[in-house]
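What follows is each chain in one-letter form.
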Amino acid sequence: MSTKIAPSILSADFSNLADELKKVKEAGAEYIHIDVMDGTFVPEITIGAPVVKSLRKVSDIIFDVHLMVEHPETQIKSFADAGADIITFHVETAKHPHRIIQQIHELGCKAGVALNPGTSLSMVEELIEDADMILIMTVNPGYAGQKFIDSMLGKIHMLYHMIEEMETECDIQVDGGINAETSVLVREAGANILVAGSAIYGAADVAQAIKDIRGKEIHHHHHHHED
Ligand code: DX5
Ligand code: ZN
């Protein structure tokens, strides 16, 4: 699967979002990653569906909405109506995750399930079949500019193999501390959608930063069990 780049809106200039979206789209990004925080699941509050709705009018880039909120089931419809393309909720916030995935699909969006660094893969094992994407957080959610947690590489690799064994299709997204250096590691481990905030919006040359994070194509060795 080819690598897709999702610049995180959290590191953009919030007073100038239309231009900030245009800038990364022209620079080659496939998605815009929209970080929604509720001040409860994570300390900060960012933006809600009304802002997404306004942005939808000025941009046709894919909206990848990362909900860092409690009770995500109460928010899904607003974000879908506002123009989200992909909606990701945290498994730590969901009592009935399959129902939320169904809800997202019924509204015509793709469904992602996110895990904090401290949350085991076993929490999403039963969801891989139905989800379109699993988001492995490589920092604890809440802030841009944090340090990549190296021990997440094993988790990404394990998820990659789980998906392969299940003979299903599911994107692996990573979020937190992604830059040109950590990009190589996560792509080798099996991630194919890379979120980056500070490494893209903090760069003097945004197009070059995206190119550097995208890197060279990595060929995975598929294991064929012959016995
Ligand atoms: C963190 C957010 C991320 C964040 C990434 O809570 O979910 O999307 O903006 O920022 P960087 O790439 O700077 O770690
Ligand atoms: Zn995010």
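Anything mentioned here points back to the structure above.
Below is a summary of the structure that appears in this document. Everything numeric in this text was worked out from a predicted model, so none of it was measured. For every chain, the first residue of its written sequence is number 1, and the numbers climb from 1 along that sequence. Chain A is the first chain written and ligand 1 is the first ligand written, with later ones labelled in order. Per-residue local features of the predicted model are confined to residues with pLDDT of at least 70, and side-chain atom pairs are confined, for both listing and counting, to 80 or more; whole-chain, interface and lining totals are unaffected and use all residues. Excluding hydrogens and water, the side-chain figures rest on all heavy atoms present in the structure.

1. Description of the coordination of the zinc ion (ligand 2)
At step 1: Ligating atoms shown are N, O and S within 2.8 Å of the metal, or 3.2 Å for Na, K and Ca, and water is not included, meaning a site may look less than complete. Bound to the zinc ion (ligand 2) are the protein donor atoms His33 (NE2), Asp35 (OD), His66 (ND1) and Asp175 (OD), situated 2.1 to 2.3 Å from the metal.
At step 2: Irregular is the default label, applied whenever a site is not tetrahedral (four donors, all angles between 85 and 135 degrees) and neither square planar nor octahedral (four or six donors, opposite donors over 155 degrees apart, all other angles between 65 and 115). Note that the zinc ion (ligand 2) binds six donor atoms; their angles at the metal cover 71 to 170°, and the shape is octahedral.
At step 3: In primary-sequence terms, the residues that donate to the zinc ion (ligand 2) follow H-x1-D-x30-H-x108-D. Pair noted here: histidine 66 is in strand E3 (residues 62-68) and aspartate 175 is in strand E7 (residues 171-175), with a separation of 109 residues, a long-range link.
At step 4: Between buried and exposed lies partly exposed: a residue is buried under 20% and exposed over 50% of the maximum accessible area for its type, with that area taken using a 1.4 Å probe on protein chains only. Residue aspartate 175 is classed as buried on the basis of its relative accessible area, which comes to 9%. Strands are runs of DSSP state E lasting at least two residues, helices are runs of H or I lasting at least four, and both sets are numbered from the N terminus onward.

2. Notes on the site of ligand 1
At step 1: Among the 20 residues in the neighbourhood of ligand 1, the closest are listed as Gly142, Gly145, Asp175, Gly197 and Ser198.
At step 2: With respect to ligand 1, the backbone of glycine 142 contributes an N or O atom lying 2.6 Å from an oxygen atom.
At step 3: Two N or O atoms form a polar contact when they lie within 3.5 Å of each other; inside protein one atom must be a possible hydrogen donor and the other a possible acceptor, and for residues adjacent in sequence the pair counts only when both atoms belong to side chains. At 2.7 Å from an oxygen atom of ligand 1 is found a main-chain nitrogen or oxygen belonging to glycine 197.
At step 4: Protein coverage of the free-state accessible area of ligand 1, which is 380 Å², stands at 100%.
At step 5: Elements with a minimum of two residues in the shell around ligand 1: strand E2 (31-37), E3 and strand E8 (193-196).
At step 6: At three residues, the largest contribution of residues to the shell around ligand 1 is made by E2.
At step 7: Under this grouping Gly is polar, as are all residues other than the nonpolar Ala, Val, Leu, Ile, Met, Phe, Trp, Tyr, Cys and Pro and the charged Asp, Glu, Lys and Arg. For the shell around ligand 1, the residue count by class is nine nonpolar, nine polar and two charged. Proximity is defined per residue: any heavy atom of the residue falling within 4 Å of a molecule or strand makes that residue near it. Only the protein chains shown count as covering a residue, and every accessible area follows the Shrake-Rupley method with a 1.4 Å probe.

3. A short note on helix H7 (residues 180-189)
At step 1: Turning to H7, its buried residues number three or more, namely Thr182, Ser183, Val186, Arg187 and Ala189. Take H7 and look down its axis: the buried residues cluster within an arc of 155°, on one side only.
At step 2: On its buried face, H7 is in contact with helix H6 (152-165), E7, E8 and helix H9 (206-214).
At step 3: The distance from a side-chain oxygen at the start of H7 to the backbone nitrogen of glutamate 181 is 2.9 Å, and the residue carrying that oxygen is asparagine 179.
At step 4: Once H7 ends, the next one or two residues include glycine 190, with phi positive near 125°. By definition, the arc is the one covered by directions from the helix axis to the C-beta atoms. We call two residues in contact when some of their heavy atoms are within 4.5 Å.

4. Quick word on unusual backbone geometry
At step 1: The backbone of histidine 71 shows a phi angle near 50°, a positive value even though the residue is not glycine.
At step 2: Within the secondary structure layout, histidine 71 lies in the loop between E3 and helix H3 (76-82).
At step 3: The phi angle at glutamate 167 is positive, at roughly 50°, despite the residue not being glycine.
At step 4: With respect to the element layout, glutamate 167 can be found in the loop between H6 and E7.

5. A closer look at the sheet that holds strand E5 (residues 110-115)
Through backbone hydrogen bonds, the strands of a sheet pair up, either in parallel or in antiparallel fashion.
At step 1: Strands were regarded as paired on the criterion that DSSP finds at least two bridges between them. The eight strands lie next to each other as E1-E8-E7-E6-E5-E4-E3-E2, forming an open sheet whose pairing is parallel. Of all the strands in the sheet, the pair left with one neighbour each is strand E1 (4-7) and E2. Taking each pair of neighbouring strands and ignoring which way they run, the sheet shows an average axis angle of 25°.
At step 2: Pairing of E7 with E8 involves three bridges; the strand directions are parallel. Across the sheet, residue glutamine 173 finds its bridge partner in E8, namely isoleucine 193.
At step 3: Axis lines are fitted to C-alpha atoms, over the contacting stretch for helices. Their N-to-C directions set the angle, which ranges from 0 to 180 degrees. Running at roughly 135° to E1, H9 makes contact with E1 and E8 of the sheet.

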